[in-house]
Amino acid sequence: NAGVTQTPKFQVLKTGQSMTLQCAQDMNHEYMSWYRQDPGMGLRLIHYSVGAGITDQGEVPNGYNVSRSTTEDFPLRLLSAAPSQTSVYFCASSYSGGRNEQFFGPGTRLTVL
Amino acid sequence: TQLLEQSPQFLSIQEGENLTVYCNSSSVFSSLQWYRQEPGEGPVLLVTVVTGGEVKKLKRLTFQFGDARKDSSLHITAAQPGDTGLYLCAGALGSGYALNFGKGTSLLVTP
């Protein structure tokens, strides 16, 4: 099993550009999440999904969109990137029958100029 | 608002020393998890504690959940350079989905 995979590993954008961060998991987990990690701020939840077709907002959802068309994939879209979105983004999955223990991907380091 | 406060924020010790990291809150958690993150990688789950007063051991790491389920501690015995990393605690409130993460404790163990 590959676990949780994320692409790209690194990305540089200009203000106003759009992009999609990809996330996939092969563990058949129902739950998937996106976090951002900033120095001194810890991990903050952006959006999450409890199953295909179901998404909800986390603590810091503004500026980000998500969709969940399949169990495996949970892409994160930045429609108009801003410097404040410079961060490291982590995708995670978990199974519904547990204590929401998160399996994290390797992360995407995004810089917005 | 940060629900979970971790201390210390940074810790630099020599190989063989013991250390304790704390995770405190005024909220009651249904469960609490500890993760370890190495530079350039995602966090990896170490343990989940559920019952107040619960103690779990993972080799040289001992995790404790407070009796009131508001706090937790991680004790490392005879630290090794391989223990270097960022230690994160995360708590679940009730039956809700979201985990509340602490800001982490950055540990450096030098030979």
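For the structure, check the block above.
Residues numbered from 1 in each chain as written. Chains lettered and ligands numbered in written order. Predicted model: local features only at pLDDT ≥ 70, side-chain atom pairs only at ≥ 80, totals over all residues. Heavy atoms only, no water.

Some words on the overall build of chain A
Then, in step 1: Helix and strand content of chain A: 0 helices and 11 strands.
Then, in step 2: In chain A, the order of α-helices and β-strands from amino to carboxyl end is β-β-β-β-β-β-β-β-β-β-β.
Then, in step 3: The C-alpha radius of gyration of chain A comes to 13 Å, within 12% of the 13 Å expected for a compact globule of 113 residues.
Then, in step 4: Counting only residues that meet the buried cut, chain A has 47% of its 113 residues in that class.
Then, in step 5: By sequence separation, contacts in chain A at least 24 residues apart represent 54% of the contacts at least 6 residues apart.
Then, in step 6: In chain A, the 8 positive side-chain charges and the 8 negative ones have mean positions that sit 11 Å from each other. (Helix = DSSP H or I, 4+ residues; strand = E, 2+ residues; numbered from the N terminus. Rg over C-alpha atoms; globule rule 2.2 N^0.38 Å. Buried < 20%, exposed > 50% of the residue type's maximum accessible area, 1.4 Å probe, protein only. Contact = heavy atoms within 4.5 Å. Lys, Arg positive; Asp, Glu negative; His and termini not counted. Charge placed at Lys NZ, Arg CZ, Asp CG, Glu CD.)

Digging into the sheet that holds strand β7 (residues 64-66) of chain A
Residue and element names in this part refer to chain A.
Then, in step 1: Sheet architecture is open: 4 strands sit in the order β1-β3-β8-β7, paired in antiparallel fashion. The open sheet is flanked by β1 (4-7) and β7, the only strands paired with a single partner. Sheet twist, expressed as the mean angle between neighbouring strand axes with direction ignored, is 20 degrees. (Pairing = 2+ DSSP bridges. Axes fitted to C-alpha atoms, helices over the stretch in contact; angles between N-to-C directions.)

Describing the packing of aromatic side chains
Residue and element names in this part refer to chain A.
Then, in step 1: Evaluated as defined, the whole model comprises 8 aromatic pairs over all chains.
Then, in step 2: Aromatic side chains Phe90 and Phe104 sit 6.3 Å apart centroid to centroid with 90 degrees between the ring planes, which places their arrangement in the edge-to-face category. Here Phe104 lies in strand β10 (residues 103-104) and Phe90 lies in strand β9 (residues 87-94), a separation of 14 residues in the sequence.
Then, in step 3: On the basis of relative accessibility, which here comes to 2%, the residue Phe90 falls in the buried class.
Then, in step 4: You can call Phe104 buried: its relative accessible area is 12%. (Phe/Tyr/Trp six-rings, centres within 6.5 Å; stacked < 30°, edge-to-face > 60°.)

Such coordinate-based values are descriptive only and should not be taken to indicate function.
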